[in-house]
Structure formats: C-alpha cells, structure tokens
Amino acid sequence: MTATASDSLNIREILGAPFTLPCGVTLPNRIIKAAMTEQLADARFQPTEELIRLYERWGQGGTAVHLTGNVMVDRRSLEGPRNVAVEDERDLPQLRTWAERAQANGAQLWMQISHPGRQTPSRVSSEIVAPSVVPLKGYGPLFRAPRALDAGEIEPLIERFVTTAAIAREAGFGGVQIHSAHGYLLSQFLSPRTNLRTDEWGGSLENRMRFLLETVRRTRQAVGSGYPISVKLNSADFQRGGFSEEESMLVVHALEREGVDLLEISGGNYENPMMIQRGEVAGSGRESTRLREAFYLAYAEKVRAQTPMPLMLTGGLRTAATMASIVAQNKVDFVGLARPLAIDPDFSRKLLDGTLSSALPVNVRLGVRQLDDMLQSMWYQQQMLRMGKGLEPDLKVSRLVSLCKGLYNVLGARSGRAD
Ligand SMILES: Cc1cc2nc3c(=O)[nH]c(=O)nc-3n(C[C@H](O)[C@H](O)[C@H](O)COP(=O)(O)O)c2cc1C
C-alpha cells in the first residue's frame, strides 16, 4: 500500500528521528532489523561470503541497526545447522569483514549472542545442556532431552558470552544483544518450568535471573560504558507455570540497574512459538488491528510506565501507521522488524520516504501447525539465502520445497564440535 504525502511526512519525522542510547551512541532512525537465524556459516562456523553479502544488501535498505541472527557462544551447542559460533579470536578476520561490509552505508551491525540450551535439534549439537533435565515437547525425536549443567559449568558459560561480546566489539560490530528470549538457554534459566535447580541458579526469581544479570554485568565490564548492550526478553512464555509477565517486569527493573541500552520485547518459545505464529497479513491501521499487529504492545506499555530504559518492540509490526503511532505516543522508542525485511530489504527506506505504507502480505502456511511453525523459519531462510547469492527475495519461493530443504539441512547436519 502506498502512503499519502501528509502521512509520509509524519512517518518520516517520527520514524526518521535520531535517538541517542544511554551509552552515548546515536542511531539515525527508529527501525531495527530483529534477529533472524540465517544459518549461512561455513564448516568452521565462520561467516561465509553469502552471509556477508546478505548484510551488505540489508545495509543499503535504510534500517538503523541490523541485529545478526543468533551467534553461538559454543560450537558444540548450536541452535541450527550452519550457525556462526564465536569462541575466540580465530574468527576475527571474517568478523571484521562482516562488520565492515554490513556497515559500509551507515547502518550498524549488532551481534546477537546466544546459547540454545535444550532448543537444539539432536542432529545439530553434540552437547545438549540446560538448567535442568526438562525435555522439549512436541517435536518427537527431532529434539533430545538435555543434560543438566553442573554448577561448575555455569561460570565458564557466562564467560563465553562475555568473550563473544568482547570479540564482536574488537571486530567492529556496533553493539551486542544478549538473547534471553524465545526459550533459549538464558530464557530457560528464567522460567520455573525449565529451571528446576535448587542451587544459587534456580528457585527464586533472584536466582533464576542470576545467569542473565551476571552476563550483562560482566559484558559491560568487558565492552566499556560507551558501547551498546541490548537484551531481548520475553514478556512471558505464555505457558502455565512458565515465566510470567509479573516476573518479566521484575527482570526489567534489574536490567535497568545494570545499564542496558536497549530492551527488546518479544515472547514465546519453541513449545509455544507466539513470536512467529501470527503477523503475515498487514493490518488496516485501525486500533483493533494495531493491537493485533503489535503482539506485545500491552506489555511494552506497562514496561514503559515503569522504566526509562529505551524499548524496542518486535513481533507482527507491518504498517507505517501502527509503527509511527506507537513511537509518536512514546510507547516504545524503536520498532523491530524481522520477516518484512526478509522479503524486502529496502522496506525501511520505503517506509521512511513514503513509497510504502505497509509490508507485503504473505501467507507462509501449509495448514499443519507443527510443520508451519518450522516452515516460518525455513521459508524466510530461503529468502535470506537468495539475497546472500546476490538475488532479490521472491514471494513465489515454494513453501513445500523450503520445508524439505530446511528439514534436509537439519537432519543431514553434522554436530558442532569442540575444536
Ligand atoms: C527466519 C527467522 C529466524 C529467526 N531467528 C531469530 C534469532 O536468531 N533470534 C531471535 O531473537 N529471534 C529470531 N526470530 C524471531 C524474530 O526476531 C522476531 O522476533 C519474530 O519474527 C517476530 O517479528 P516479525 O513479526 O517482524 O517477523 C526469527 C524469526 C524468523 C522468521
């Protein structure tokens, strides 16, 4: 949908306004590309030319910051086949090239740093660890039960996050994001459903959030006060006995005390993938549609009322009207876009210059829920692969073929390794 002249003026003023983070770094506008796992690393878990080219292409599209897909802190524990993993300085040359080419046109590249915990397909990881032995439900033999981390393994794991962040900074990335949402390891520590520990890392919320807070605190010490640190956090897991909105709010206060520069709000996990189950059809801009579009807006508003920490809202945002209205009303500072940028790398620029007023509607469904949840990632990954090959996205890419290719990649994957 195209925008009228007065609409586009407002949208440019609102979404095009610069914003200075608490660390002092100024971002040129309010649109951030949310993380999407690209699975385009090489056999050594380093960025390939395809991955770099993808970000070079995105870097031309007017988005202020590109968050990378989750980069692993341990090559034995991957979220998917062909993840980038950064453990030490051997990766610096490729990471430097990635950062340089992605940022050549003024956009920033921030590294999302992650560990999957139990959310790793059995074929993909040689080491499946989690706070406790709570197997993932609903995926059959694709996922194996994790092993509970020994108390002595937790400190070194925190240090892995810190090392990866320090290397990202050294390589020239503009910032880092610690992934504590969507049921990955840090989010597993937060949730009483997956964290049944009775030591200092489990039980009370204070204990369950210790992993996250220690990671943020030590990362800050490692990267310094002038460097952006973001955290992606679930508003809730939306599961009985899981991480609740009330607890999430307490974590928000604790993160504020740690000096986080940008809190990205999301929700859901693999058992209940709220983050990608909706959001394919653009709305009309009406209030009811707006609420449907911005999945976690009601929670974001509550957070806003309680903390001055800059906020980014991700999930379902599709129309310029909704994005501009939530920023203009000071509900959040940044809008996060994932899928719309995988099918149109120039979407941000088009929103800002008024060429487009909403994302292209797409329907990536085959009609079988469990398959469709996986297909969401796999179809969009095919679009990222196209851009990595120097092609433009193509809405006609077959759903069935994407699913088959995605499953083949997972089932044919060799495990991550230690060396
Ligand atoms: C292909 C794909 C890969 C994703 N990978 C990640 C990831 O690596 N890290 C993450 O935090 N979220 C990931 N997400 C979730 C997105 O960041 C985002 O929260 C979600 O897609 C909702 O935003 P959207 O409606 O704008 O797509 C992924 C989503 C998709 C579609």
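Everything that follows concerns the structure shown earlier in this document.
Throughout this description, residue numbers start from 1 for each chain and increase along the sequence as written. The predicted nature of this model means local features are confined to residues of pLDDT at least 70 and side-chain atom pairs, given and counted, to a pLDDT of 80 or more, with totals for whole chains, interfaces and linings taken over all residues. Excluding hydrogens and water, the side-chain values take into account all heavy atoms of the structure.

### Points about the overall build of the protein
Secondary structure assignment for the protein yields 16 helices and 13 strands. Here the radius of gyration uses the C-alpha set of atoms, whereas the globule reference equals 2.2 Å times the residue count to the power 0.38. Taken against the 2.2 N^0.38 rule, which gives 22 Å for 419 residues, the C-alpha radius of gyration of the protein at 20 Å falls within 12% of a compact globule. The principal-axis extents of the C-alpha atoms in the protein amount to approximately 60 × 45 × 45 Å. Looking at the protein as a whole, 63% of its 419 residues are labelled buried. The contact criterion used throughout is that any non-hydrogen atoms of two residues lie within 4.5 Å. Taking the intrachain contacts of the protein between residues at least 6 apart in sequence as the baseline, contacts between residues at least 24 apart amount to 72%. Per-residue and other accessible areas were derived by the Shrake-Rupley procedure at a 1.4 Å probe size, with only the shown protein chains allowed to occlude residues. A total of about 15,100 Å² of accessible surface is found on the protein, and carbon and sulfur atoms cover 54% of it. For the purpose of charge, His is not counted, nor are the chain termini; Lys and Arg are scored as positive and Asp and Glu as negative. By convention, charge coordinates are those of NZ in Lys, CZ in Arg, CG in Asp, or CD in Glu. One finds the centroid of the 49 positive side-chain charges in the protein at a distance of 5 Å from the centroid of its 46 negative side-chain charges. Starting at the N terminus, helices and strands are each numbered in turn, a helix being any DSSP run of H or I of at least four residues and a strand any DSSP run of E of at least two. Exposure classes here rest on a 1.4 Å probe applied to the protein chains alone. A residue is buried below 20% of its type maximum, exposed above 50%, and partly exposed in between.

### Thoughts on the pattern of salt bridges
In the sections that follow, a salt bridge refers to a side-chain nitrogen of Lys or Arg positioned within 4 Å of a carboxyl oxygen of Asp or Glu. Considering all chains together, one arrives at 33 salt bridges under this definition. Across the pair Arg-57 and Asp-346 runs a salt bridge, and its minimum N-O distance is 2.7 Å. Residue Arg-57 is located in helix α2 (residues 49-58), and its partner Asp-346 is located in the loop between α13 (339-343) and α14 (347-353); the two are separated by 289 residues in the primary sequence. Note on accessibility: Arg-57 and Asp-346 belong to one class, buried. Measuring nitrogen to oxygen at the nearest pair gives 3.2 Å for the salt bridge that ties Glu-87 to Arg-75. Taken together, the residues span a long stretch of sequence, with Glu-87 in the loop between β5 (71-72) and α3 (92-102) and Arg-75 in the loop between β5 and α3 at a distance of 12 residues. Across this residue pair, the class does not change: Glu-87 and Arg-75 are buried. When salt bridges that share partners are traced, they join Asp-74, Arg-75, Arg-76, Glu-87, Asp-88, Arg-90, Asp-91 and Arg-160 into one network.

### Here's the deal with unusual backbone geometry
Here the phi dihedral of Gln-39 falls at roughly 55 degrees; this positive angle occurs in a residue that is not glycine. Among the secondary structure elements, Gln-39 is positioned in the loop between β3 (31-33) and α2. The residue Phe-238 is not glycine, and still its phi comes out positive at about 60 degrees. When you line up the elements, Phe-238 lands in the loop between β10 (229-234) and α8 (245-257). Overall, the relative accessible area of 37% leaves Phe-238 in the partly exposed class.

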